[in-house]
Amino acid sequence: MSRRDGLPSLWSGMDRKAMAVAEFTVRQQRKRLSTWVVLLVGIAAMGVLTMFYIDAMTMDYEAIDNDMDSYDWDLDGYPNGQERLYGTDIFDKNSHPGLIDSSIVPDDPSLWINEDDFDWEALEAGSVGFDDNGDCDDESRTDSQKDQNGNGIPCDIMLVQNTYSKRYMVFADGNVDEDPDDEAYALEAIHRAFVLAIGKLGIVFLIGIFVPLFMATGLIRQEMTSGTMHFMLAKPIARGEVFLYRMFGFLAIAWTYLTVLIALLAIITGLAGPSDGFFRFSDLGVWMSVWLASLLAVMVYGMLFCMLGVMWKHGMVIAIPFAAWELGMILTTLGAPDASILRFSVVGWAMNIVDAGAALAWSDTPLLIQMGVWGGGNGPLEGAEALQFFASTPGLNLSALGTVVVSVLVMIFQAAACWLLGSALFKSKEIE
Amino acid sequence: MIPDVTQQGPPPSQETIPAPTVPVVYFHGVSKSYGRIHALSNITLGLSGGVTGILGMNGAGKSTLFKLLMGKLRPSSGEVKLFGTNPWKNPSPYAKVGFVPEHEKMHDWMTALDFVSTFARLHGMTRKEAETEALRVLDFVGLADVANKEIGRFSKGMRQRTKIAHALVNDPELIILDEPLQGCDPLARTTIMNVIRELGKMGRTVLVSSHILNEIERITEQIVILHHGKLVALGNLHAIRERLDQIPHTIRLVGEDARALAKDILQHPAVFGLSFPNDTELLIQTYHFGQLHAELPGLIVNNGHKVSLIDNPDDDLESLLNYLAGGSA
């Protein structure tokens, strides 16, 4: 037996201990059936949700002819819209463009569906919109009929943004953009709604809370109960260190899992979602924020549940009501993202990060929602209400980037507080 | 109240480490209670160097004593010091300590090498150093050839030896073994006893607990006896034994005709009482146990008696404890 010389320095010693405990924890969790069950159930649940999404993306959306100009009421073969364009009577079979000029052949009625789409993507409030089918800027209409919103510009849409709620209000002149492309809108809105829904509720909330609930609650407690903690605590390592390094091991698994899961979802939705190219790169910012929020959420929940496990043998009994509280909080963030009660939750801060990321990546979402809700003056288009439900503005009244920075710091603080409290509890525990 | 028998008998044969400035293990007026149950009361004890057996019945407080030393429990009162440091507050002394817990549960999914080297890394060793040291200690406890087998497939004795290897990996100055022989097969028992004796010879301080007197006797002469949470004796086992010879002692004989046997045995001057629990059994009371025990076989053979068993029901921990606690054996 030779005595080892050259003791490691404090830092290299801690580093080695951290690696040893974390690695041990990963290997230990890997050997447990329950770990695999939890992780696979998570993937299965997200898979089922993605099936619904794929179904929504491949479905045909009925093109609704809002202004009914694809019909041919007088049965003269010319759709109403075409007749109106040439000023012939839509109710008189003997009045149609063919009589004016025999070279004008009747249009395919489908050309007169979705023919006056939204053509405003500008985010500045002001005068937008264009009367594609010419049924507003009709010679037979008076000037006051052409300028119903009274902004002095005929046949336009006046967009006003409420400075407080940041919502857009749509004041349209009649017959402008009144027949939007239902399918294009539905696909875009449903796509965004799904990314937000699965990101917020599926990943940050469900995975973020259930993976730590099953994997972190017993991280210290199980070893205390079984007696195997004696081996670790017989070594020159502080209990706070054991707590922290065990958590590193848990996070190594949970973070890898989340990264893979989010990458898979980003790839699937990027390929399946509506886009001009083959892939929707514009969503990546949202996925990044979901990723960041979920990593922080499992960290805070992990620390918290591990602490509850140390505190009480049946720590899960406290963890479950807490999870219910968090569910209430996430529902609150959907409707009232600036409610101050959200400051007393974990998920409220995580949602701030996702909302800020979405605000950066899809800055036109508030406009898209209002377009769809207005729907050409004919009520909400498909997908508009779903998007309105899942999208919210970041609740801190800061810039998007500021919101992310503040929320990240708060969540790190929450995790650190749970760790300190957990370490203190662990230190005061006598181990039989 | 504690019989002081420390300085009697032959001195321990182990060479001890040079007198340290602070005792390796130090208890001062330590009590530990769980509610109304007093697991330990008012223990004062200092130990440095050599192998010390901690003897006591189940529940006497042996494990509690060790857990106090290992910082797992906080003393209700008194002071515990490990290398001069309070182990409840500071885990740093464990760099020089190896602990073999009594718990049977281990990380069954690990190989012996994994188990020992993983925990070795908690001493700040690199992965490579840990592996080298782990192989060395596994060889020391005789498990080198099964180092890469899973602990879950080990026998009880192999598991105990793995635990011992895990405790020795940092080449500790103090080794604490809580019931290391419990449940072991004879071969493992011998190996473990040899390992402990070896450690003593190397000058390490070794604390080993057991509830079997005979086991401890084969390892060391220096003992501490706990009974109902109290320290009832510490010192040399032989000295305690000699004292034991001076007190009334019982020998049990089982033979064909107990009454005929009794008639002859009563002649012996050392015998002061006889009793017959049944027709074939005879209990002899004596003050001179050693003398009678030596002469008894001759007495039986010379008188032509048939005896199937000579038993010494008192020669166990319980009678020793009874004696030390003030009763008679």
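Residues numbered from 1 in each chain as written. Chains lettered and ligands numbered in written order. Predicted model: local features only at pLDDT ≥ 70, side-chain atom pairs only at ≥ 80, totals over all residues.

1. Description of the overall build of chain B
Stage number 1. Scanning chain B from terminus to terminus reveals 10 helices and 14 strands.
Stage number 2. Taking all contacts inside chain B whose residues are at least 6 apart in sequence as the whole, residues at least 24 apart take part in 68%. (Helix = DSSP H or I, 4+ residues; strand = E, 2+ residues; numbered from the N terminus. Contact = placed C-beta atoms within 7 Å.)

2. Brief notes about the overall build of chain A
Stage number 1. Summing up its helical and strand segments, chain A has 15 helices and three strands in all.
Stage number 2. Relative to a compact globule of 432 residues, whose C-alpha radius of gyration would be 22 Å, chain A shows 30 Å and is clearly more extended.
Stage number 3. Dimensions along the principal axes, computed over C-alpha positions, put chain A at roughly 110 × 40 × 40 Å.
Stage number 4. Going through the 432 residues of chain A one by one, you find that 47% of them count as buried.
Stage number 5. Put simply, 73% of the contacts in chain A that link residues at least 6 apart link residues at least 24 apart. (Rg over C-alpha atoms; globule rule 2.2 N^0.38 Å. Buried ≥ 20, exposed ≤ 12 C-beta atoms within 10 Å, placed from the backbone.)

3. Side note on the sheet that holds strand β5 (residues 77-82) of chain B
All names here are of chain B.
Stage number 1. The strand order across the open sheet built from three strands is β3-β2-β5, with neighbouring strands paired in antiparallel fashion. Each edge of the sheet is formed by a strand with only one pairing partner; in this case those strands are β3 (37-47) and β5. Neighbour to neighbour, the strand axes of the sheet diverge by 25 degrees on average, direction disregarded.
Stage number 2. When strand β2 (residues 25-34) meets β3, the two strands line up antiparallel, connected through seven bridges. By the bridge assignment, V25 is partnered in β3 with L47. (Pairing = 2+ DSSP bridges. Axes fitted to C-alpha atoms, helices over the stretch in contact; angles between N-to-C directions.)

4. Quick notes on the domain arrangement of chain B
Residues and elements named next belong to chain B.
Stage number 1. Along its sequence, chain B is organised into domain 1 (4-241) and domain 2 (246-324).
Stage number 2. Using C-alpha coordinates to define each centre, domain 1 is positioned 38 Å away from domain 2.
Stage number 3. Breaking the side of domain 1 that touches domain 2 down by element, the ones donating at least two residues are β9 (222-227) and β10 (230-236).
Stage number 4. Class assignment for the residues of the side of domain 1 that touches domain 2 results in six nonpolar, two polar and no charged. (Domains from an automatic or database assignment. Nonpolar A, V, L, I, M, F, W, Y, C, P; charged D, E, K, R; others polar.)

5. Quick word on the sheet that holds strand β12 (residues 271-275) of chain B
Residue and element names in this part refer to chain B.
Stage number 1. Spatial ordering of the open sheet is given by β12-β13-β11-β14, a layout of four strands whose pairing is antiparallel. Whereas interior strands pair on both sides, the edge strands pair on one side only; in this sheet they are β12 and β14 (307-311). The average angle at which neighbouring strand axes cross in this sheet is 20 degrees, direction not considered.
Stage number 2. Here four bridges tie β12 to strand β13 (residues 281-286), and the two strands are oriented antiparallel to one another.

6. Focus on the pairing of β13(B)
Residue and element names in this part refer to chain B.
Stage number 1. Of the two faces of β13, the one lined by L282, I284 and T286 is fully buried and the one lined by E281, L283 and Q285 carries no buried residue.
Stage number 2. By the bridge criterion, six bridges tie strand β11 (residues 249-255) to β13 in an arrangement that is antiparallel. If you follow R252 over to β13, its bridge partner there is L283.
Stage number 3. What sits between the antiparallel neighbours β12 and β13 is a turn of five residues.

7. Focus: the interface of chain A and chain B
Stage number 1. Tallying the contact residues gives 24 residues for chain A and 26 residues for chain B.
Stage number 2. Where the side of chain A that touches chain B is concerned, the elements lending two or more residues are α1 (10-30) and α8 (229-233) of chain A.
Stage number 3. For the side of chain A that touches chain B, the residue count by class is 12 nonpolar, five polar and seven charged.

8. Some points on the environment of A:G77
Residues and elements named next belong to chain A.
Stage number 1. For G77, the position within the fold is in the loop between α2 (33-58) and α3 (80-86).
Stage number 2. In this structure G77 comes out as partly exposed when scored by C-beta crowding, with 16 C-beta atoms within 10 Å.
Stage number 3. With 28 residues separating them in the primary sequence, G77 and V105 have C-alpha atoms 9.0 Å apart.
Stage number 4. Discounting chain neighbours no more than four positions away, the residues touching G77 are D72 and P106.

9. Some remarks on the packing of helix α6 (residues 182-215) of chain A against helix α12 (residues 347-361) of chain A
Residue and element names in this part refer to chain A.
Stage number 1. Running from N to C, α6 and α12 point in directions that differ by 150 degrees, and their axes come no closer than 11 Å. One element, α6, and the other, α12, form an angle in the roughly antiparallel class. Read as a crossing pair, α6 and α12 show a hand that is right-handed. Contacts between α6 and α12 pair L196, G199, K200, V204 and F205 from the former with V347, A350, M351, V354 and A358 from the latter.
Stage number 2. Its residues assigned to classes, the contact of α6 with α12 comprises eight nonpolar, one polar and one charged. (Parallel < 35°, antiparallel > 145°, perpendicular 65-115°, else oblique. Left-handed = near helix turned anticlockwise from the far one by under 90°.)

10. A word on the domain arrangement of chain A
Stage number 1. Taken domain by domain, chain A consists of domain 1 (16-60 + 183-427), domain 2 (71-112) and domain 3 (113-178).
Stage number 2. A straight line from the C-alpha centre of domain 1 of chain A to that of domain 2 of chain A covers 57 Å.

11. What about the packing of helix α4 (residues 156-168) of chain B against helix α5 (residues 186-201) of chain B?
Two quantities define a packed helix pair, namely the angle between the helix axes and the distance between the axes.
Residues and elements named next belong to chain B.
Stage number 1. Two numbers describe how α4 lies on α5: the axes approach to 9 Å, and their chain directions differ by 15 degrees. Accordingly, the angle class assigned to the pair α4 and α5 is roughly parallel. In this structure, the crossing between α4 and α5 has a hand that is left-handed. Residue-level inspection shows G157, Q160, R161 and I164 of α4 in contact with α5, the latter providing L187, A188, T191, I192 and V195.

12. Points about the nonpolar core
Stage number 1. Ranked by internal contacts, the top residues of the largest apolar core, which has 195 residues, are A:V300, A:A350 and B:V116.
Stage number 2. With near-sequence residues (within four places) excluded, B:V116 lies in contact with B:A134, B:V137, B:L138, B:T162, B:A165, B:H166 and B:V169.
Stage number 3. In terms of nonpolar packing, the next biggest core, distinct from the first, is built from 10 residues, B:I251, B:L261, B:I265 and B:L282 among them. (Core = buried A, V, L, I, M, F, W, Y, C linked by C-beta atoms within 7 Å.)

13. Some thoughts on unusual backbone geometry
Residue and element names in this part refer to chain A.
Stage number 1. Positive phi values are uncommon outside glycine, yet C155 reaches one of about 50 degrees.
Stage number 2. Structurally, the position occupied by C155 is in the loop between α5 (143-146) and β2 (157-161).
Stage number 3. Residue C155 is classed as buried on the basis of its 23 C-beta neighbours within 10 Å.
Stage number 4. In the Ramachandran plot, N175 falls in the positive-phi region, its phi being about 65 degrees despite a non-glycine side chain.

14. Comments concerning the confidence of the model for chain B
All names here are of chain B.
Stage number 1. Per-chain confidence: chain B averages 85 in pLDDT, with 89% of residues scoring 70 or above.
Stage number 2. Counting interchain partners and residues more than four positions distant, the pLDDT-below-50 stretch residues 1-7 has 13 contacts.
Stage number 3. Predicted complex metrics record ipTM = 0.83 and pTM = 0.86. (pLDDT = per-residue confidence, 0-100.)

15. Brief notes about α1(A)
Stage number 1. For α1(A), spanning 21 residues, the distance from its first C-alpha to its last is 30 Å, which sits close to the expected 30 Å at 1.5 Å a residue.
Stage number 2. For α1(A), the full list of buried residues reads A:R16, A:K17, A:A20, A:V21, A:A22, A:F24, A:T25, A:Q28 and A:Q29.
Stage number 3. Contacts from the buried residues of α1(A) go to α2, α6 and α9 (239-272) of chain A together with α2 (112-120) of chain B. (Expected span 1.5 Å × (residues − 1).)

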